[in-house]
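Structural description and commentary
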Amino acid sequence: MKLYVMRHGEAEPPRAGYGLPGADAARVLTSAGHAEAEKAAQWLSIQQPKIDLAIVSPYVRAQQTFKHVAHQLPIEVIEQSNEVMPESDPQLFAGALLARLQIEPAESILVVSHMPFVCYLVNYLDAGIQPPLFPTSGIAVLDLEPLAMSGKFKQFYRDTDD
């Protein structure tokens with residue numbers, strides 16, 4: 001069972017009023033962010049012929065990043081989740097996901113989220129590695145073992161043009 005943990009593409013910087021409710025959630029991808037999300041989606045489509053389950057943050061930049069993936073490969077089930085936002089608890093999410101996968105198996109899962117959530121999620125699933133610093137549109141690939149309630153880090157995609 002493969003898990004792809006993806007950080008959103010480069011987004012516009014925070015603006016005045018950033019601390020207001022919803023301001024961070026409304027940030028959009030830059031043109032460079034769209035380009036790197038497209039490249040990452042192309043890489044993912046070579047690795048995996050389809051995604052069984054995609055779980056995506058409701059933040060605009062994560063949704064825009066996911067659209068690039070959805071244009072590249074078929075996705076069976078798409079869920080928007082408040083459990084994968086920047087301040088969400090990766091341990092709680094991972095436990096719930098692994099328990100769910102014991103009952104509803106999936107061969108391939110994609111999570112599109114944010115820092116710091118993505119780095120701590122990977123570290124929680126494979127405690128043998130340090131939390132990886134994700135570049136924008138970076139993708140960590142893990143083999144999941146739902147019955148063991150763990151995962152094994154396998155590889156990392158990052159745009160090599162930067």
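Please refer to the structure higher up on the page.
Let me sum up the structure you'll find in this document. (Residues numbered from 1 in each chain as written. Predicted model: local features only at pLDDT ≥ 70, side-chain atom pairs only at ≥ 80, totals over all residues. Heavy atoms only, no water.)

1. So, the overall build of the protein
When you go through the protein residue by residue, the secondary structure sums to four helices and six strands. In sequence order, the secondary structure elements of the protein are arranged as β-α-β-α-β-α-β-α-β-β. On C-alpha atoms alone, the protein measures out to a radius of gyration of 15 Å, which is about the 15 Å that the 2.2 N^0.38 rule sets for 162 residues. Projected onto its principal axes, the C-alpha coordinates of the protein cover approximately 45 × 30 × 30 Å. Here the protein holds 162 residues, and the buried ones make up 48% of them. Contacts in the protein between residues at least 24 apart in sequence constitute 73% of all its contacts with a sequence separation of at least 6. Of the roughly 7,900 Å² of accessible surface on the protein, 54% is carried by carbon and sulfur atoms. The average position of the 12 basic charges and that of the 19 acidic charges among the side chains of the protein differ by 3 Å. (Helix = DSSP H or I, 4+ residues; strand = E, 2+ residues; numbered from the N terminus. Rg over C-alpha atoms; globule rule 2.2 N^0.38 Å. Buried < 20%, exposed > 50% of the residue type's maximum accessible area, 1.4 Å probe, protein only. Contact = heavy atoms within 4.5 Å. Areas by Shrake-Rupley, 256 points an atom, 1.4 Å probe, with all protein chains shown as cover. Lys, Arg positive; Asp, Glu negative; His and termini not counted. Charge placed at Lys NZ, Arg CZ, Asp CG, Glu CD.)

2. Considering the pattern of salt bridges
All chains considered together, the criterion is met by nine salt bridges. A salt bridge links Lys50 to Glu76; its shortest N-O distance comes to 3.6 Å. Taken together, the positions of Lys50 in the loop between helix H1 (31-47) and strand E2 (51-56) and Glu76 in strand E3 (residues 75-80) put the pair 26 residues apart, joining distant regions of the chain. The salt bridge involving Arg100 is made with Glu104; its shortest N-O contact spans 3.3 Å. Accessibility expressed as a relative area gives 46% for Glu104, which makes it partly exposed. One connected set of salt bridges, linked through shared partners, spans Lys2, Asp143 and Lys154. (Salt bridge = Lys/Arg side-chain N within 4 Å of Asp/Glu carboxyl O.)

3. Concerning helix H2 (residues 60-72)
The terminal C-alpha atoms of H2, which comprises 13 residues, lie 19 Å apart, in line with the 18 Å expected from a rise of 1.5 Å per residue. Along H2, the residues that are buried comprise Arg61, Ala62, Gln64, Thr65, Phe66, His68 and Val69. Buried residues along H2 sit against strand E1 (2-7), H1, E2, E3 and strand E4 (108-113). (Expected span 1.5 Å × (residues − 1).)

4. Section: the packing of helix H3 (residues 90-103) against helix H4 (residues 117-125)
Packing of H3 against H4 leaves a shortest axis separation of 9 Å and a crossing angle of 55°. Comparing the axis directions of H3 and H4 gives the class oblique. Pair H3 / H4 crosses with right-handed handedness. Every residue of H4 that contacts H3 at Pro90, Gln91, Phe93, Ala94 and Leu98 is listed here: Phe117, Tyr120, Leu121, Tyr124 and Leu125. The residue inventory of the contact of H3 with H4, partitioned by class, reads nine nonpolar, one polar and no charged. (Axes fitted to C-alpha atoms, helices over the stretch in contact; angles between N-to-C directions. Parallel < 35°, antiparallel > 145°, perpendicular 65-115°, else oblique. Left-handed = near helix turned anticlockwise from the far one by under 90°. Nonpolar A, V, L, I, M, F, W, Y, C, P; charged D, E, K, R; others polar.)

5. A few points about H3
An ideal rise of 1.5 Å per residue puts 20 Å on 14 residues; H3 measures up with 20 Å between its terminal C-alpha atoms. The set of residues buried in H3 consists of Pro90, Phe93, Ala94, Gly95, Leu97, Leu98 and Leu101. Buried residues belonging to H3 abut E2, E4, H4, strand E5 (139-145) and strand E6 (150-157). Sitting at the head of H3, Asp89 places a side-chain oxygen 2.9 Å from the backbone nitrogen of Gln91. (Polar contact = N/O pair within 3.5 Å; in protein donor to acceptor, adjacent residues only side chain to side chain.)

6. Considerations on the packing of aromatic side chains
Tallied over the full model, the rule gives three aromatic pairs. Ring geometry for Phe93 versus Phe117: centroids 5.8 Å apart, planes at 65°, classification edge-to-face. On the criterion of sequence distance, the pair formed by Phe93 in helix H3 and Phe117 in helix H4 is long-range, its members being 24 residues apart. For Phe93, a relative accessible area of 8% corresponds to the buried category. The class of Phe117 is buried, set by a relative accessible area of 1%. (Phe/Tyr/Trp six-rings, centres within 6.5 Å; stacked < 30°, edge-to-face > 60°.)

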